[in-house]
Amino acid sequence: MPKLSSPNIVELKLPSGTEDDPTIVKLDTTITTKQALDLSQDEDKTEATIGLITAGIKEWNYANEKGEIEPINAETVGRMPLEDFTVLAEKIGESVDATLSAERVSNPEKKA
């Protein structure tokens, strides 16, 4: 039986890391229909994308100068290297596109 919002967690090695010190993020790419529609209709895509990425990150290894893992929040996500943010935004974008495509297909079927 299908479940609503079953997590789909992927582990990603991001470009800012090195072979000896990789940047690892565990990202839940599950996007609800509401989240996808909110993003597609939001004029400020940057803030909406940061929100989705922040909600999706379950774990990461970004650390501060003391070696302590940084908290996952909109402020720290906004400080990520652009190359890392882009990878996560593209991964979330794939999920948004898939959710919106599924919604478009299922809407006419519900009216029939």
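Residues numbered from 1 in each chain as written. Predicted model: local features only at pLDDT ≥ 70, side-chain atom pairs only at ≥ 80, totals over all residues. Heavy atoms only, no water.

S.K.: Now, about the side chain of Thr-29: what can you tell me, with residues and values included?
M.R.: By the element assignment, Thr-29 lies in the loop between strand 2 (23–28) and helix 1 (33–41). Its relative accessible area of 7% is what places Thr-29 among the buried residues. Here Asn-8 takes part through its side chain, which lies 2.9 Å from a polar atom of the side chain of Thr-29. Among all residues touching Thr-29, those that are not within four sequence positions of it are Asn-8, Val-10, Lys-91 and Ser-95. (Helix = DSSP H or I, 4+ residues; strand = E, 2+ residues; numbered from the N terminus. Buried < 20%, exposed > 50% of the residue type's maximum accessible area, 1.4 Å probe, protein only. Polar contact = N/O pair within 3.5 Å; in protein donor to acceptor, adjacent residues only side chain to side chain. Contact = heavy atoms within 4.5 Å.)

S.K.: Outline helix 2 (residues 45–56), supporting the account with residue identities and numerical values.
M.R.: Structurally, the α-helix is built with 3.6 residues per turn, so residues lying three or four positions apart point the same way. The terminal C-alpha atoms of helix 2, which comprises 12 residues, lie 16 Å apart, in line with the 16 Å expected from a rise of 1.5 Å per residue. Taken residue by residue, helix 2 has Ala-48, Thr-49, Ile-50, Leu-52, Ile-53, Thr-54 and Gly-56 as its buried positions. (Expected span 1.5 Å × (residues − 1).)

S.K.: Describe a negative patch on the surface, listing the residues and the values that go with them.
M.R.: Negative charge collects at one region of the surface, where Asp-42, Glu-43, Asp-44 and Glu-47 lie side by side. Within the element layout of this structure, Glu-47 appears in helix 2. (Patch = residues over 30% accessible without salt bridge, like charges linked within 9 Å, V, L, I, M, F, W, Y side chains within 5 Å. Areas by Shrake-Rupley, 256 points an atom, 1.4 Å probe, with all protein chains shown as cover. Salt bridge = Lys/Arg side-chain N within 4 Å of Asp/Glu carboxyl O. Lys, Arg positive; Asp, Glu negative; His and termini not counted. Charge placed at Lys NZ, Arg CZ, Asp CG, Glu CD.)

S.K.: Can you lay out the confidence of the model for the protein chain for me, pointing to particular residues and giving the numbers?
M.R.: Looking at the protein chain as a whole, the pLDDT averages 84, with 81% of positions reaching at least 70. Per-element confidence in the protein chain ranges from a low mean pLDDT of 73 for helix 4 (residues 82–111) to a high of 97 for strand 3 (residues 57–60). (pLDDT = per-residue confidence, 0-100.)

S.K.: Explain the environment of Asp-28 to me, using residue names and the numbers behind them.
M.R.: Its place among the elements puts Asp-28 in strand 2. The class of Asp-28 is buried, set by a relative accessible area of 13%. As for Asp-28 and Lys-91, which are separated by 63 residues in sequence, their C-alpha atoms are 9.8 Å apart. The residues contacting Asp-28, other than those within four sequence positions of it, are Pro-7, Asn-8, Ile-9, Gly-56, Lys-58 and Ile-92. Among the polar contacts made by the side chain of Asp-28, one reaches the main-chain amide nitrogen of Asn-8 at a distance of 3.0 Å. Only 2.8 Å separates the side chain of Asp-28 from the side chain of Thr-30, close enough to count as a polar contact.

S.K.: Account for the side chain of Asp-84, naming residues and giving values.
M.R.: Its place among the elements puts Asp-84 in helix 4. Despite its burial, Asp-84 pairs with no opposite charge, the nearest such side chain being Arg-79 at 12 Å.

S.K.: Can you explain the pattern of salt bridges? Please cite residues and give values.
M.R.: A full pass over the atoms with the stated rule returns five salt bridges. The shortest N-O distance in the salt bridge between Lys-26 and Glu-11 comes to 4.0 Å. Here Lys-26 is found in strand 2, whereas its partner Glu-11 is found in strand 1 (residues 9–14), with 15 residues between them in sequence. In this structure, Glu-94 engages Lys-91 in a salt bridge whose closest nitrogen and oxygen atoms are separated by 4.0 Å. Here Lys-91 and Glu-94 lie together in helix 4, a separation of three residues that amounts to about one turn.

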